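Topology and contacts: notes
Below, each chain spelled out in residue letters.
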Amino acid sequence: MMTGFRLNLSPLKEPLGFVKLVEWLTAIFAFGSCGGFSGKNIISLFCGDGTNETLNANFHYPFRLRQVPLIEGNTTICNRSVTATHMVGDSASSSEFFVGVAIICFLYSMVALLVYLGYMHVYKDSDFGPIFDFVITAALVFLWLVCSSAWAKGLQNVKDATDTEGISATLAICKGSNVTCEVTEFANMRTLNISVVFGYLNMFVWAGNAWFVYKETRWHSQKFSSQPGPGRQQVPAPI
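The text that follows walks through the structure, step by step, so that each part is easy to find. Throughout this description, residue numbers start from 1 for each chain and increase along the sequence as written. A pLDDT threshold of at least 70 governs which residues receive local features in this predicted model, and a stricter bar of 80 or more applies before side-chain atom pairs are shown or counted, although totals over entire chains, interfaces and linings include all residues. Only hydrogens and water are removed before side-chain values are computed, so all heavy atoms of the structure are retained for them.

**Brief notes about the sheet that holds strand E1 (residues 38-46)**
Spelled out, the test is: When DSSP finds two or more bridges between a pair of strands, those strands are recorded as paired. Helix numbering and strand numbering both begin at the N terminus, where a helix is a DSSP run of H or I of at least 4 residues and a strand a DSSP run of E of at least 2. Think of each axis as a best-fit line through the C-alpha atoms, taken over the contacting stretch in the case of a helix, with angles from 0 to 180 degrees between the N-to-C directions.
As summarised here, the arrangement of the three strands in space is E2-E1-E7, forming an open sheet in which the pairing is antiparallel. Taken across any chain shown, the strands that pair with only one partner, and hence form the sheet edges, are strand E2 (52-60) and strand E7 (180-185). Strand-to-strand twist across the sheet, computed as the mean angle between neighbouring axes with direction ignored, equals 30 degrees. Examined bridge by bridge, E1 and E7 share five bridges and lie antiparallel to one another.

Now the structure itself:
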């Protein structure tokens, strides 16, 4: 059996190779739209004496909000002494899990494309290659479901912690006083919403690809080869 590299672009014209290329691209969009995020909310404090104060909340991936300062050090706001205050919440585990799965899929898609385009003759001549490919693909379908669901919940926690209600609950000066706190400028979280969409899109793309990979395994070929053809009768075994 020849095992050398043979460049052949024909697999890209077939579902097995084309869908793998789509997986590579959607993985890039998934981790790029989440891992590169940075935003700022502007909080306006309307004091009882008619004066206004502003605070900035700068947050970014991986969204360890409890490390983001709203008030740095002891200071005076609206003629009141306030202590250092940080935001509440931590979505680092879900966001890093999501980005990690996306990067793994990005790398695996690259390796799989290399095999499809250069070593397809080896891939199809062995049982191990297609079976290994199918098992990994099926596992990644499950990981996309889990990480996308976790990140969707983590993103909602980020939104809750950075909106007016979340900020007002975090700042002590906004509680039980004549100071009104309101987020007057929100960070654009459109890319984060897109990342969740790409997460679930990846799950469906990888699930579809699992079928085409399964068709390359001996499990699929044995299933059809064991079925009797039309007009073919079973010959009874000799006694």
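**Some details on the nonpolar core**
We count it as follows: In these notes, a set of buried Ala, Val, Leu, Ile, Met, Phe, Trp, Tyr and Cys residues joined through side-chain atoms within 4.5 Å is what counts as a nonpolar core. When accessible area is computed with a 1.4 Å probe and restricted to protein chains, residues below 20% of their type maximum are described as buried, those above 50% as exposed, and intermediate ones as partly exposed. In this analysis, two residues are considered to be in contact whenever any of their non-hydrogen atoms come within 4.5 Å of each other.
Grouped together as the largest cluster of nonpolar side chains are 54 residues, with contacts concentrated most on Phe59, Trp144 and Ile173. When residues of this core are assigned to their parent elements, the largest contribution, nine residues, is made by helix H2 (residues 92-118). In contact with Ile173, other than residues within four places in its own chain, are Leu45, Ile77, Cys78, Arg80, Val82 and Val179.

**A word on the layout of surface pockets**
This is how it is decided: A pocket here means an open set of points on a 1 Å grid, computed over the protein atoms alone, that has protein on both sides within 12 Å along at least five of seven lines. A cavity is instead a set of points where a 1.4 Å probe fits but cannot get out; residues with an atom within 4 Å of a point line either one. Grid points are joined across faces, edges and corners, and a volume is the space filled by probe spheres set on the points. For this scheme, ten residues count as nonpolar: Ala, Val, Leu, Ile, Met, Phe, Trp, Tyr, Cys and Pro. Four count as charged, namely Asp, Glu, Lys and Arg, and the remainder, Gly too, count as polar.
Computed from the structure, the largest pocket encloses a volume of approximately 180 Å³. Among the secondary structure elements, those contributing two or more residues to the lining of the largest pocket are H2 and helix H4 (128-162). Tallied by class, the residues present in the lining of the largest pocket amount to eight nonpolar, one polar and one charged.

**Here we look at the side chain of Glu23**
When you line up the elements, Glu23 lands in helix H1 (residues 15-35). Those residues in contact with Glu23, other than ones at most four positions away along the chain, are Ser109, Asn202, Val205, Trp206 and Asn209.

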